[in-house]
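# Structural characterization, general
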Amino acid sequence: MVACALALGWILLGTSCNNDEAHIGITDWELEKFRGSAAVESLLAGMTLEDKVGEMTQLTLNMLCEGELSDKPGIYVVLDEPHALDENKLRVAFQEGRIGSVLNCGGHAYPTAQWRELVSGVQQASIAAKGIPTLYGVDAIHGATYTSGAALGPQQIALAATWDTALVRKMSEGTAQEIEACGIPWNFAPVLDVGRDPRWPRFWETFGEDVMLVGDMGEAMVRGFQEGPVKVAATLKHYMGYSTPWSGKDRTPAYIPERQLREIFLPPFRQSIDAGAMSVMVNSGEMNGIPTHVNRFVLTDILRGELGFEGLVVTDWEDIKYLVKRHRVAATYKEAIRMAILAGIDMSMVPQDLEFPVLLKELVEEGQISESRIDLSVRRILSVKEKLGLLEEGGFELPPALTQDERQALAGPAARAALECITLLKNEGNHAVYPNQPLLPLGGAGTIFVSGPTANSLNALNGGWSGTWQGKNPKYNNPGRLTALEGLREEFGASRIAFEALDNMEFNAEDIQRVVQAIEGSNPEVAVLFLGEMPYTEIFGNIGDLRLPDNQLDLVRAVAGTGTQVVGVFVEGRPRTFSQVEQDMDAVVMAYLPGDFGAPAIAQVLSGAYNPSGRLPFTWPREASSHVTYDRKGTEDVHKNAKKSAYRPQYLFGHGLSYSEVKTTGLRILNEGDIHMGDELLVEVTLENLGNRTSAEVVMLFVQDRVASITPNMEKLRAYKRVFVGAGATKQVQLRVPTSTLGFVGLELKHVVEPGTFGLRVQDQLTEFELKK
């Protein structure tokens, strides 16, 4: 086998590999660029080859606990309950395997006390065998996912709808405190994939479709994890291009030109790397026929060479094995390991056997990978451990457990985020008390009829990665958290709520008729239908059609057919299309996956106790096959009748209503004289609250490059600010835009800013300016 990786990028070869036998698989600039601290270098110098390849190995907790081998596909061990460590398995993993990392739970959430016991046992075994602690990681993506009793906040797509980066950072600080109290210093979050295709089943794990919003939200989360009251390492995932497979299905091929890769998918990673993120997890899929785990151009040339990332790169679950089993770019597991390490992988999430370190050691002994290449990865791993305090004298010490009061305080940001994310999309109809007013907020004293498949499920509100991987098992829900139905009963009083259950997603025509009969029997003021999806993640959320399931469409039609006013509340992680029945709903609310506190948040928005402030972080398509993002190209506006009317989504990116309308006027540029490249653009708008209550408004500035050497986007978000406007008040809001951000990736695949005319838009306010050299 040749030492240098073959065509692994958009160019014939990535950076030239060093053919010096002592440095196979590592470039000269890599040799020169990164050295660890004196402590790291001293530790590395004392390591055997077995120690080093073990340090690059990560196992799941299942492999360390009492249990029996499983005959289920993909599950090696079925654990005994309650989960407890197996001393022999610990010995094999640490004394023989010399492993450097452990991840996650044994399949479900644990109380903090059990986590502390498990992690302490793992660390004691690691220190006894190797002299240093292991690096323990966990998926805590919307709160401490696998810690019983920890507040679960909104999922990332819902957090993006708040447009409140300060709140996202605060919530992330709380997550860090929760997992640190369990003894876990490494978090596999945030997701920085840009959600360009709502069919993709991990769309809800993203911050939406806009590059700037994803980047800002991601940076806020990274700083919350790493710069808050406690420090845990953030992981940027899934580097990169994972979120736009052509089929819309998880882990299927993506075809992304390098210009688009650099324009859309790279910037959020660059921003969070500049913010100091300690680790990166790799895209499980493939781009342009090349699995990312063997793409040296992406993993080394761009990540290390261009972005200057010096942290740890970890695979996703079994992804080196999948190079053989799924991607078929390697004939053997050993060859797959060689390809991945030479491409730039530091640690393999193996995670259910100890074959990886054995084969990696053989590759070094056979001269196919140099030991200096292994040293480079181990330096990175040890350096992360050092930053987390794991190499300090005394090794590992459990931090103090959180008190009940401390834990209760950490729930505050999660509850606030649930309120801020709820997005009012439509509000028409006739109010029961005020006939000429919109339907919401609900008033009066009449009956509120409630039904729908997501109405009485806390799991639906939380989504995947909640207590368990798929988030489906109610056994691991946090006690005392409410379903949407229970939230409405608390807010309006149980006597006002009439409920007819639809307990699963497969309800049929007979069930719908039962709902209609219940409405006719209760004569309600309004019907609130909870629609959407039940929990899923990854391949289990693959769909063939973005349209809302037919039985839910039929439910809306049938309820509207009774003459009852309808409020549709969507509890889902992606925008399922429903244009066939949109006109049958008088009000539409997007609740996303709002988490443990979603039920009271929804209820407070419907009652008017909270004035809704959420704004869509994506474009809601009208047709299932027409999911065009807001930053489209001009040709995407051309209709079949040749008019520029083809772009007509159900709801626009950034859309959201409130109960007290804020009018935007007076868009103007405050710069005096000419505006030159390198200047900062200063823009002002006037906001006037036309209603009788304070509103939170998100001012969004969109910029259009009128003419460019690459076909320009119709518009791009270049600045935004979330502000409060008091009842009846007027406020001037200023936004600053460095002209350096008005560029794009040009013909030479470099970021360029070109002089010329630029259009500006805030709501329906338009102006333009000339950018001069």
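Residues numbered from 1 in each chain as written. Predicted model: local features only at pLDDT ≥ 70, side-chain atom pairs only at ≥ 80, totals over all residues. Heavy atoms only, no water.

So, about unusual backbone geometry. For the bond from Y239 to M240, the omega torsion is -25°, close enough to zero to count as cis. You can see M240 is positioned in the loop between β7 (235–239) and α9 (258–265). With an omega dihedral of 0°, the bond running from L440 to P441 counts as a cis peptide bond. By the element assignment, P441 lies in the loop between β13 (423–427) and β14 (448–451). The backbone of R98 shows a phi angle near 60°, a positive value even though the residue is not glycine. By secondary structure assignment, the location of R98 is in the loop between α4 (87–96) and β4 (101–103). We note that N523 has phi near 50°; this positive angle belongs to a residue other than glycine. Here N523 shows up in the loop between α19 (509–522) and β16 (526–532). (Helix = DSSP H or I, 4+ residues; strand = E, 2+ residues; numbered from the N terminus.)

Let us now look at the sheet that holds β16. Here we have six strands laid out as an open sheet, ordered β13-β18-β17-β16-β14-β15, and mixed in their pairing. Whereas interior strands pair on both sides, the edge strands pair on one side only; in this sheet they are β13 and β15 (497–499). Across the sheet, the axes of successive neighbouring strands diverge by a mean angle of 20°, strand direction being ignored. In the sheet, β16 pairs with strand β17 (residues 565–571) via seven bridges, with the strands oriented parallel. Within β17, the position partnered with A527 by the bridge is V566. Packed onto the sheet, α19 meets β14 and β15 and runs at close to 170° relative to β14. (Pairing = 2+ DSSP bridges. Axes fitted to C-alpha atoms, helices over the stretch in contact; angles between N-to-C directions. Contact = heavy atoms within 4.5 Å.)

Tallied over the full model, the rule gives 53 salt bridges. Residue R407 pairs with E178 through a salt bridge whose shortest N-O separation is 3.0 Å. Placement of R407 in helix α16 (residues 404–421) and of E178 in helix α7 (residues 165–181) is noted, with a sequence separation of 229 residues between them. Of the residues examined, R407 reaches a relative accessible area of 16% and is grouped as buried. The partner of D631 in a salt bridge is R196, and the shortest N-O contact between them spans 3.0 Å. With D631 in the loop between α21 (598–607) and β19 (662–669) and R196 in the loop between β6 (186–187) and α8 (211–227), the pair connects residues that are 435 residues apart, well separated along the chain. (Salt bridge = Lys/Arg side-chain N within 4 Å of Asp/Glu carboxyl O. Buried < 20%, exposed > 50% of the residue type's maximum accessible area, 1.4 Å probe, protein only.)

One pass over the structure, following the stated rule, counts 22 aromatic pairs. Relative to Y242, the ring of W200 has its centre 4.9 Å away and its plane inclined at 85°; by these criteria the two rings are edge-to-face. Taken together, the residues W200 in the loop between β6 and α8 and Y242 in the loop between β7 and α9 connect sequence positions 42 residues apart. The class of Y242 is buried, set by a relative accessible area of 3%. For the pair W620 and Y651, a centre-to-centre distance of 5.9 Å together with 85° between the ring planes defines the contact as edge-to-face. Of this pair, W620 sits in the loop between α21 and β19 while Y651 sits in the loop between α21 and β19; the two residues are 31 residues apart in sequence, bridging distant segments of the chain. As far as the burial class goes, W620 and Y651 line up, both buried. One aromatic cluster is present, formed by F203, F570, F578, Y592, F618, W620 and Y651 through successive ring pairs. The ring of Y333 has K321 sitting right over it, with the charged end atom 5.5 Å from the ring centre. (Phe/Tyr/Trp six-rings, centres within 6.5 Å; stacked < 30°, edge-to-face > 60°. Lys NZ or Arg CZ within 6 Å of the ring centre and 35° of its normal.)

Examined against the element boundaries, L667 turns out to sit in strand β19. Given the relative accessible area of 11%, L667 is considered buried. It is 36 Å that separates the C-alpha atoms of L667 and V571, two residues lying 96 residues apart in sequence.

Under the definition given, this model contains zero disulfides. Cysteine C105 remains unbridged, with the sulfur of C65 as its closest cysteine sulfur at 9.9 Å. (Disulfide = S-S within 2.5 Å.)

Relative to the elements of secondary structure, E623 occurs in the loop between α21 and β19. Sequence separation of E623 and Q155 is 468 residues, and the distance between their C-alpha atoms is 25 Å. Excluding its chain neighbours within four sequence positions, the residues that come into contact with E623 are T577 and R648.

Once that is clear, we can look at the nonpolar core. One finds L61, F94, Y239, L360, F530, F578 and L606 to be the most contacted residues of the largest nonpolar core, which totals 209 residues. With sequence-adjacent residues up to four places away left out, L606 is seen in contact with L440, P441, L442, L488, F492, V528, V567, V589 and Y659. Ranked by size, the runner-up nonpolar core spans 23 residues in total, among them I675, L681, V683 and F769. (Core = buried A, V, L, I, M, F, W, Y, C linked by side-chain atoms within 4.5 Å.)

Further remarks concern helix α13 (residues 333–343). For α13, the tally of buried residues reaches ten of eleven residues, placing the bulk of the element in the interior. Among the residues of α13, those classed as buried are Y333, E335, A336, I337, R338, M339, A340, I341, L342 and A343. On its buried side, α13 packs onto α11 (296–306), α12 (319–325), α14 (355–365) and α15 (371–387). Count one or two residues on from α13 and you reach G344, which has phi positive near 135°.

Right, let's get into the packing of helix α2 (residues 38–45) against α15. Where α2 contacts α15, the two axes come as close as 10 Å, and the packing angle between them is 130°. The angle between α2 and α15 falls in the class oblique. Crossing angle aside, the handedness with which α2 passes α15 is right-handed. Every residue of α15 that contacts α2 at A39, V40, E41, L43 and L44 is listed here: D375, V378, R379, L382, S383 and E386. Partitioned by chemical class, the residues of the contact of α2 with α15 number six nonpolar, one polar and four charged. (Parallel < 35°, antiparallel > 145°, perpendicular 65-115°, else oblique. Left-handed = near helix turned anticlockwise from the far one by under 90°. Nonpolar A, V, L, I, M, F, W, Y, C, P; charged D, E, K, R; others polar.)

With that settled, the discussion passes to α7. The end-to-end C-alpha distance of α7, which contains 17 residues, comes to 24 Å, matching closely the 24 Å that a straight helix rising 1.5 Å per residue would cover. Most of α7 is tucked away: twelve of the 17 residues are buried. At its buried positions, α7 is contacted by α5 (112–130), β5 (135–138), α6 (156–162), β6, α8 and α16. (Expected span 1.5 Å × (residues − 1).)

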